[in-house]
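Examination of the molecular architecture
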Amino acid sequence: MLDLWAILVFIIPPYIANAAPVVLGGGPPVDFGAVAWDKRRWLGDGKTWRGLAAGVGAGALASALLSYLLSAPWILLMGTLASCGAMLGDLAGSFIKRRMGIERGKPSFVMDQLLFIVFALVLAAPVLVHELPAVLRAESVATIMVLTYVMHRAANIAANRLGLKKVPW
Ligand code: CTP
Ligand code: MG
């Protein structure tokens, strides 16, 4: 049986972490405008310090709330790790996109939709192993990937229609 409850508890913080920068981001970019060896930006203007702080902060806040509501202290640790992972994965995605010559804001299926959740899983794994092992099973990971793809597409289309994002991806 697929443990959808466990999956939900796991994905909420990194999803919130990933969405927060779209609304709260801006200001100086993480790479401060610097270019890498290939003369392209390290990360680009789409990755800002404020977005990074907003993502980790919002994810940690959501984790604290979940932790309190479900009376499970470990959720705060799991969710904060997953949120940091989501932000790290997002940075890694932009880094890889720039190295591949994909410009800021141009879509890349794996980097945009899936890398953040893979990093969230990896960083939260030490807590998940003990507290929520159902999430680490192959069928759960597969479900998380499909769910994340669908949710990410839907959220970006909604953000585009609401005028929060210029492009629907
Ligand atoms: N954002 C931010 N800081 C971050 C992540 C995102 O400020 N660490 C904001 C930026 O305004 C960004 C928007 O959220 O444009 C959407 O994020 P994302 O789709 O990840 O960035 P892109 O602009 O598409 O850039 P990239 O091609 O590097 O993914
Ligand atoms: Mg994008």
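For the structure, see preceding data.
What comes next is a walk through the structure. (Residues numbered from 1 in each chain as written. Chains lettered and ligands numbered in written order. Predicted model: local features only at pLDDT ≥ 70, side-chain atom pairs only at ≥ 80, totals over all residues. Heavy atoms only, no water.)

1. A short note on unusual backbone geometry
Despite not being glycine, K39 shows a phi value in the positive range, around 70°. Locating K39 in the fold gives a position in the loop between α1 (4-24) and α2 (49-69). Within the chain, S71 stands out as a residue other than glycine whose phi angle is a positive 50°. Mapping S71 onto the fold places it in the loop between α2 and α3 (74-99). (Helix = DSSP H or I, 4+ residues; strand = E, 2+ residues; numbered from the N terminus.)

2. Thoughts on the side chain of D31
Among the structural elements, D31 can be located in the loop between α1 and α2. Side-chain polar atoms of D31 contact the backbone nitrogen of G33, separated by 2.9 Å. Engagement of the side chain of D31 in a polar contact is seen with the backbone nitrogen of L43, the distance being 2.9 Å. Residues contacting D31, with those up to four places away along its chain left out, are R41, W42, L43 and G44. (Polar contact = N/O pair within 3.5 Å; in protein donor to acceptor, adjacent residues only side chain to side chain. Contact = heavy atoms within 4.5 Å.)

3. A look at the layout of surface pockets
Space inside the largest pocket adds up to approximately 1,200 Å³. Residue lining of the largest pocket: 41 residues in total, with V22, K47, N156, K165 and W169 positioned closest to the centre. Counting residues per element, the ones that place at least two in the lining of the largest pocket are α1, α2, α3, α4 (109-131) and α5 (138-161). Its residues placed into classes, the lining of the largest pocket shows 19 nonpolar, twelve polar and ten charged. (1 Å grid on protein atoms, 1.4 Å probe; cavity = no way out; pocket = protein on both sides within 12 Å on 5 of 7 lines; lining within 4 Å. Points joined across faces, edges and corners; volume = space filled by probe spheres on them. Nonpolar A, V, L, I, M, F, W, Y, C, P; charged D, E, K, R; others polar.)

4. Let's talk about the site of ligand 1
Neighbouring residues of ligand 1: 18 residues in total, closest K47, T48, S94, R98 and G105. Within the side chain of T48, a nitrogen or oxygen atom sits 2.6 Å from an oxygen atom of ligand 1. D90 places a polar side-chain atom, nitrogen or oxygen, 3.4 Å from an oxygen atom of ligand 1. Isolated, ligand 1 exposes 560 Å² of accessible area, and the fraction of that covered by the protein chains is 86%. Of all the cavities here, the one that holds ligand 1 is the largest pocket. Of all the secondary-structure elements, those providing two or more residues to the shell around ligand 1 are α1, α2 and α3. At four residues, α3 tops the list of elements feeding residues into the shell around ligand 1. Here the residues of the shell around ligand 1 sort into three nonpolar, seven polar and eight charged. (Near = heavy atom within 4 Å. Areas by Shrake-Rupley, 256 points an atom, 1.4 Å probe, with all protein chains shown as cover. Sits in = over half its atoms within 2 Å of the grid points.)

5. Some remarks on the pattern of salt bridges
One pass over the structure, following the stated rule, counts six salt bridges. The salt bridge partner of D38 is R99, with a shortest N-O separation of 2.7 Å. Taken as a pair, D38 in the loop between α1 and α2 and R99 in helix α3 lie far apart in primary sequence, 61 residues in all. A relative accessible area of 25% means that D38 is categorised as partly exposed. (Salt bridge = Lys/Arg side-chain N within 4 Å of Asp/Glu carboxyl O. Buried < 20%, exposed > 50% of the residue type's maximum accessible area, 1.4 Å probe, protein only.)

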